[in-house]
Amino acid sequence: MVDKKTTLIQSSRGSVFSVFGEDELNQITEEGKRKVAVSGKINKPGIIEVPENATLNDIIDICGGILDKKKFKAAQLGIPFGGFLTEDSLDKVLDFELFDKNSSRNIIILSEDDCIVQYATFYVDYLIGKIEDSNKNEVYEKYSEVKEEVYRIWRVLDRISKGRSNMRDVYLLRRLSGEIKDKLNQGNNIIQEIIGNFYEEIEEHVDENICKTSQCNHLTKLTITDRCIGCGACKRACPVDCIDGERKEQHYIDYTRCTHCGQCISSCPVNAITAGDNTFKFLRDLVTPNKLVITQMAPAVRVAIGEAFGFEPGTNVEKKIASGLRKLGVDYVFDTTWAADLTIMEEATEFQYRLEKHIAGDKDVKLPILTSCCPAWVKFIEQNYADMLDVPSSVKSPMQIFATVAKDLWAKDKGIPRDRLISVAIMPCIAKKYEASRPEFSRGMNYDVDYVITTRELIKIFEDSGINLNEIEDEEIDSIMGEYTGGGIIFGRTGGVIEAATRMTVEKMTGQKLEKVEFTELRGFDGFRSCDIEVNGLKLRIGVAHGLREAAKMLDKIRSGEEFYHAIEIMACTGGCVGGGGQPKAKKRVETLKQRAEGLNNIDSSLTLRVSNENPHVQAIYDKYLDYPMSHKAHELLHTKYFVRVKNPKK
């Protein structure tokens with residue numbers, strides 16, 4: 001954990017002051033009677049001198065205008081709150097009396113791209129942090145008497161943002177905010193003003209579970225926007241044929257068939273498709289008092305993100321990423337990869353259990369076992385192969401295992417309340433956003449992964465914040481949760497998960513350490529490949545597929561009895577996670593994906609420990625918390641279920 005360094009963090013979604021505390025902002029604005037700190041959805045955030053008789057429009061112009069020339073939505077004056085200005089105030093001279101004399105002169109500009117529910121949640125979150133701060137100043141002392149009302153408002157807003165509310169919650173917001181206004185003798189109350197000015201938007205969230213800004217990640221789906229030119233590239237790329245539309249007309253997605261793989265996003269030449277963007281939520285969490293932000297990064301991210309900063313595809317820049325994230329203000333920078341080792345401990349043990357029963361002649365044992373790390377294929381099999389849901393391993397993905405351990409074990413040991421820990425997953429995959437919002441990966445309203453940032457989104461945050469991975473010094477990833485083995489790192493490429501599982505399973509079943517851990521038979525780039533392996537008398541037939549069209553071919557052959565495998569791996573994206581829908585787009589796509597995959601292989605071969613059960617950090621987790629792989633404790637914490645999902649018939 002390190003101190004936060006950057007004074008202003010921003011992305012294409014907007015800007016947030018980070019280390020400017022209340023005292024510092026007060027000092028800055030006191031240096032000149034008309035100095036104001038301006039942030040939000042503007043092109044040039046910073047400290048400005050406001051001319052006499054300047055309107056809000058003038059101030060926005062001084063700051064370079066609103067991002068992407070979007071429409072103005074609102075402006076908040078002052079922290080904690082001095083006033084809330086809407087469109088009818090744009091051409092009025094800014095009244096400096098609206099700034100509370102006890103708080104800083106700060107203006108936060110909102111545009112039509114801002115979700116008012118997310119903004120209200122951020123404001124209340126920030127206020128709670130200040131109320132809880134042991135060093136809080138007198139500005140926030142008075143809020144102590146309404147602390148319970150503030151907490152209840154936050155819980156209501158959280159329900160609304162996650163599609164778990166009804167209109168009675170809006171009535172409750174009115175009542176609670178009214179009580180606060182009366183108790184504190186406020187002239188303005190932000191929640192009341194938000195309800196009054198943006199009632200229809202709140203109603204859409206509650207009644208229709210719609211967030212038109214795509215900022216509420218639990219209400220967001222892959223969406224083809226009106227920027228679509230009707231070229232058909234997404235339709236051709238979609239592996240499940242869920243996109244329809246006439247040429248040169250806007251296309252549409254059938255959500256009952258969509259697996260959220262994101263291949264449509266990768267193929268779109270005009271960036272007309274969105275899966276939602278949590279970058280601004282990430283920036284806000286970084287500046288919210290009393291929140292501890294941790295990140296995990298998937299194996300495939302480190303060998304792709306460098307391409308945006310001049311590195312060759314496949315170059316491992318994990319230490320650069322760690323350095324960049326700390327500059328943004330992340331408290332702990334962790335790695336998903338050791339959780340991949342934990343996944344293999346469970347998955348390989350489950351494989352061994354099924355395989356030994358099969359060899360012993362048990363006709364009821366379910367084979368093949370199907371590795372369970374890719375959320376797009378999980379949704380694919382739930383929608384298309386309901387009769388085969390007993391085939392996949394029940395082990396959670398590494399992302400979910402990491403988040404479970406972080407919130408249920410690590411945070412508890414550290415004395416960190418679950419709702420003050422923000423768990424952010426940096427992933428190569430669009431479907432991970434969908435996976436993070438599955439209700440089985442939560443405790444009540446608190447999800448194990450709060451939200452996902454893709455590789456492309458992190459690139460944009462770094463670029464906009466002036467962080468160049470080619471220029472910053474390396475920093476180590478926080479090792480509090482452990483190092484990883486070669487078996488964990490190869491999860492990011494096609495064939496990698498099943499190779500990692502095979503390494504451990506073979507050693508366990510034969511009782512002999514592998515002299516050569518590479519199973520080159522499982523490697524390659526064919527979309528559907530069958531591999532026969534024989535090691536120390538143990539014979540295995542394994543299937544590997546990447547791309548859901550190829551996966552369908554494999555599953556159809558298994559279902560019909562045409563093919564038999566002991567184990568199979570399916571990844572929805574070409575090349576596996578290295579070709580995920582959230583990765584940087586590549587002109588020479590196949591060549592680039594192969595280089596990224598080889599980068600992971602190079603990391604694997606450079607490590608001393610290459611089989612997941614050799615990882616002492618993983619074994620320590622079992623010793624302290626879980627007993628042994630596939631124990632009752634391990635099953636309760638590290639395993640999941642799958643569900644039949646009905647899809648519309650193809651027209």
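Remember, predicted model here, so these are calculated numbers, not experimental data. Position numbers for residues count from 1 along each chain, tracking the sequence in the order it is written. Given that the model is predicted, a residue must reach a pLDDT of at least 70 before its local features are reported, and side-chain atom pairs must reach 80 or more before they are shown or counted; all residues, however, enter totals for whole chains, interfaces and linings. Values shown for side chains rest on all heavy atoms present in the structure; no hydrogens or waters enter the calculation.

Student: Residues and numbers for the overall build of the chain, please.
Tutor: Scanning the chain for helices and strands turns up 23 helices and 21 strands. For the chain, the spread of C-alpha atoms along the principal axes amounts to about 85 × 55 × 50 Å. Working definition: with a 1.4 Å probe on protein chains only, accessible area under 20% of the residue-type maximum means buried, over 50% means exposed, and in between means partly exposed. Across the 651 residues of the chain, 62% fall into the buried class. Of all intrachain contacts in the chain linking residues separated by at least 6 positions in sequence, the fraction that spans at least 24 positions is 73%. For the chain, the exposed surface amounts to about 26100 Å²; the carbon and sulfur share of it is 46%. Each helix is a run of H or I in the DSSP string that is no shorter than four residues. Each strand is a run of E no shorter than two, and both are numbered from the N terminus. Contact definition: two residues touch when any of their heavy atoms are within 4.5 Å. Using a 1.4 Å probe, accessible areas were evaluated by the Shrake-Rupley method; residue-level cover was limited to the displayed protein chains.

Student: I'd love a proper account of empty space enclosed by the protein, names of residues and values included.
Tutor: Using protein atoms alone on a 1 Å grid, points that fit a 1.4 Å probe yet trap it form a cavity, whereas open point sets bounded by protein on both sides within 12 Å along at least five of seven lines form a pocket; residues with an atom within 4 Å of a point count as lining. Grid points are joined across faces, edges and corners, and a volume is the space filled by probe spheres set on the points. One pass over the full model with this rule turns up 9 cavities of 30 Å³ or more. In terms of lining, the largest cavity is formed by 28 residues, of which the most central are Cys-373, Cys-374, Lys-432, Phe-491 and Cys-577. When contributions to the lining of the largest cavity are tallied by element, the ones reaching two or more residues are α14 (375–384), α15 (398–414) and β21 (567–571). In terms of residues, the lining of the largest cavity owes the most to one element, β21, which gives 3 residues. What the second largest cavity holds in volume is close to 120 Å³. What lines the second largest cavity is a set of 13 residues, and nearest its centre among them are Tyr-123, Leu-127, Ile-180, Asn-189 and Ile-190.

Student: Tell me what's going on with the environment of Asp-61, and back it up with residues and numbers.
Tutor: You can see Asp-61 is positioned in helix α2 (residues 56–62). Spatially, the C-alpha atoms of Asp-61 and Arg-420 are 37 Å apart, while their sequence positions differ by 359 residues.

Student: Which residues make up the environment of Ile-489, and what values do they have?
Tutor: If you trace the backbone, Ile-489 turns up in helix α18 (residues 486–489). Taking the C-alpha atoms as reference points, Ile-489 and Thr-336, separated by 153 residues in sequence, lie 9.2 Å from one another. Residues within four places of Ile-489 in sequence aside, it is in contact with Pro-299, Arg-302, Thr-337, Tyr-484, Leu-600, Ile-603 and Asp-604.

Student: Residue-level account of the side chain of Glu-499, with values.
Tutor: Looking at the secondary structure, you find Glu-499 in helix α19 (residues 496–510). Within the structure, the side chain of Glu-499 is placed 2.9 Å from the side chain of Arg-503, a separation counted as a polar contact. In this structure, Glu-499 is in contact with Ile-490, Arg-493, Val-517, Glu-518, Phe-519, Leu-522 and Arg-523, ignoring residues within four places of it in sequence. Polar contact is defined as a pair of N or O atoms within 3.5 Å, subject to the rule that within protein one atom must be able to donate a hydrogen and the other to accept it, and that residues adjacent in sequence are counted only when both atoms are side-chain atoms.

Student: Before we move on, can you summarise the pattern of salt bridges with the specific residues and values?
Tutor: Basic side-chain nitrogens of Lys or Arg form a salt bridge, by our definition, when they fall within 4 Å of a carboxyl oxygen of Asp or Glu. Evaluation of the coordinates by the stated rule reveals 49 salt bridges. Residue Asp-169 pairs with Arg-159 through a salt bridge whose shortest N-O separation is 2.6 Å. Of this pair, Asp-169 sits in helix α6 (residues 167–184) while Arg-159 sits in helix α5 (residues 147–161), and the two are 10 residues apart along the sequence. Judged by relative accessible area, Arg-159 falls into the partly exposed class, the value being 24%. Ionic pairing is found between Arg-610 and Asp-604, a salt bridge with its closest N-O pair at 3.0 Å. An identical accessibility class is assigned to Arg-610 and Asp-604; each is buried.

Student: I'd like a description of the sheet that holds strand β18 (residues 451–454), backed by residues and values.
Tutor: The strands that make up a sheet pair up through hydrogen bonds in the backbone, lying either parallel or antiparallel. If DSSP finds at least two bridges between two strands, the strands pair. With parallel pairing, the 4 strands of this open sheet are ordered in space as β13-β12-β15-β18. Two strands bound the open sheet, and with one partner strand each, they are β13 (332–335) and β18. Each adjacent strand pair in this sheet contributes to an overall mean axis angle of 30°, direction not counted. For strand β15 (residues 421–427) and β18, the ladder comprises 4 bridges, and the chain directions are parallel. Note on geometry: axes are lines fitted to C-alpha atoms, helical ones only across the stretch in contact, with angles between N-to-C directions running from 0 to 180 degrees.

Student: Which residues make up a negative patch on the surface, and what are the values?
Tutor: The residues that make up patches have over 30% relative accessible area and no salt bridge, and they are joined within 9 Å when like-charged or within 5 Å when they are Val, Leu, Ile, Met, Phe, Trp or Tyr. His is not counted, nor are the chain ends, whereas Lys and Arg count as positive and Asp and Glu as negative. Where a charge sits is defined by one atom per residue type, namely NZ (Lys), CZ (Arg), CG (Asp) or CD (Glu). On the surface, Glu-200, Glu-203, Asp-207 and Glu-208 cluster together to form a negatively charged patch. Counting through the fold element by element, Glu-203 comes out in helix α8 (residues 199–208). The class of Glu-203 is partly exposed, set by a relative accessible area of 30%.

Student: Explain the environment of Glu-246 residue by residue, including any values.
Tutor: Secondary-structure assignment places Glu-246 in the loop between β9 (243–244) and β10 (252–253). For Glu-246, a relative accessible area of 54% corresponds to the exposed category.

Student: Go over the pairing of β15 with me, naming the residues and quoting the values.
Tutor: Summarising burial for β15: 7 of the 7 residues are buried, a large majority. Of the strand pairs in this sheet, strand β12 (residues 292–297) and β15 are connected by 6 bridges, and their pairing is parallel. Within β15, the position partnered with Met-297 by the bridge is Ile-426.

Student: Give me the side chain of Thr-86: which residues, what numbers.
Tutor: Structurally, Thr-86 can be placed in the loop between β6 (83–85) and β7 (104–111). Apart from the residues lying within four places of it in its own chain, the contact partners of Thr-86 are Phe-72, Lys-73, Ala-74, Asn-197 and Phe-198.

Student: Run through the packing of aromatic side chains, naming residues and quoting values.
Tutor: To describe a pair of aromatic rings, you give the distance between the ring centres and the angle between the ring planes. The criterion for an aromatic pair is that two Phe, Tyr or Trp rings (for Trp, the six-membered ring) have centres within 6.5 Å, with stacked assigned to planes under 30 degrees apart, edge-to-face to planes over 60 apart and tilted to the rest. Here the structure, examined in full by the defined rule, presents 10 aromatic pairs. Pairing Phe-380 with Tyr-385 gives two aromatic rings, centres 5.9 Å apart and planes at 55°, and the pair type is tilted. The same class applies to Phe-380 as to Tyr-385, namely buried. Here the aromatic residues Tyr-332, Phe-334, Trp-338, Phe-402 and Trp-410 are joined through ring pairs into a cluster of three or more. One cation-aromatic arrangement involves Lys-73 over Phe-198; the distance from NZ or CZ to the ring centre is 5.5 Å. Above the plane of the ring of Tyr-255 lies Lys-221, whose end atom (NZ or CZ) is 4.8 Å from the centre. Two limits define a charge over a ring: the Lys NZ or Arg CZ must be within 6 Å of the ring centre, and within 35 degrees of the ring normal.

Student: Describe the confidence of the model for the chain, and please don't skip the residues or the numbers.
Tutor: As a per-residue quantity, pLDDT reports the predictor's confidence and falls between 0 and 100. With 93% of its residues at a pLDDT of 70 or more, the chain shows a mean pLDDT of 89. In the model of the chain, strand β1 (residues 8–11) stands out as the element of lowest mean pLDDT, 54, in contrast to β15, which has the highest, 97. Here residues 1–6 is modelled with pLDDT under 50, and outside its nearest four sequence neighbours on either side it reaches 18 contacts, counting other chains as well.

Student: Quick rundown of the pairing of strand β4 (residues 46–49)? Include the residues and the values.
Tutor: As judged from the 4 bridges shared by strand β3 (residues 35–40) and β4, these two strands associate in the antiparallel manner. In the sheet register, Val-38 faces β4, and the bridge partner there is Gly-46. Connecting the antiparallel pair β3 and β4 is a turn made up of 5 residues.

Student: If you had to explain unusual backbone geometry to someone new, which residues and values would you point to?
Tutor: Note: most residues except glycine have negative phi, and most peptide bonds are trans. That bond from Leu-367 to Pro-368 is cis: its omega, 5°, falls within 30 degrees of zero. Summarising the element assignment, Pro-368 is placed in the loop between α13 (337–359) and β14 (369–370). Of note in the backbone geometry, Met-630 takes a positive phi value of approximately 70° without being a glycine. Along the chain, Met-630 turns up in the loop between α22 (616–626) and α23 (632–638). By relative accessible area, Met-630 is classed as partly exposed at 30%.

Student: Now, about the packing of α13 against α19: what can you tell me, with residues and values included?
Tutor: Axes are the key here: two packed helices are described by the angle between their axes and the distance separating the axes. α19 packs onto α13 with a crossing angle of 60° between their chain directions and a minimal axis gap of 9 Å. The angle between the axes of α13 and α19 places the two elements in the oblique class. Crossing hand, α13 versus α19: right-handed. Facing α13, whose interface residues are Ile-344, Met-345, Glu-347, Ala-348, Thr-349, Phe-351, Gln-352, Leu-355, Glu-356 and Ile-359, α19 presents Val-497, Ala-500, Ala-501, Met-504, Thr-505, Lys-508 and Met-509. Under this scheme an angle from 65 to 115 degrees is roughly perpendicular, one under 35 degrees roughly parallel, and one over 145 degrees roughly antiparallel; angles in between are oblique. Crossings are classed by handedness, with left-handed meaning an anticlockwise turn of the near helix from the far one by less than a right angle and right-handed meaning a clockwise turn.

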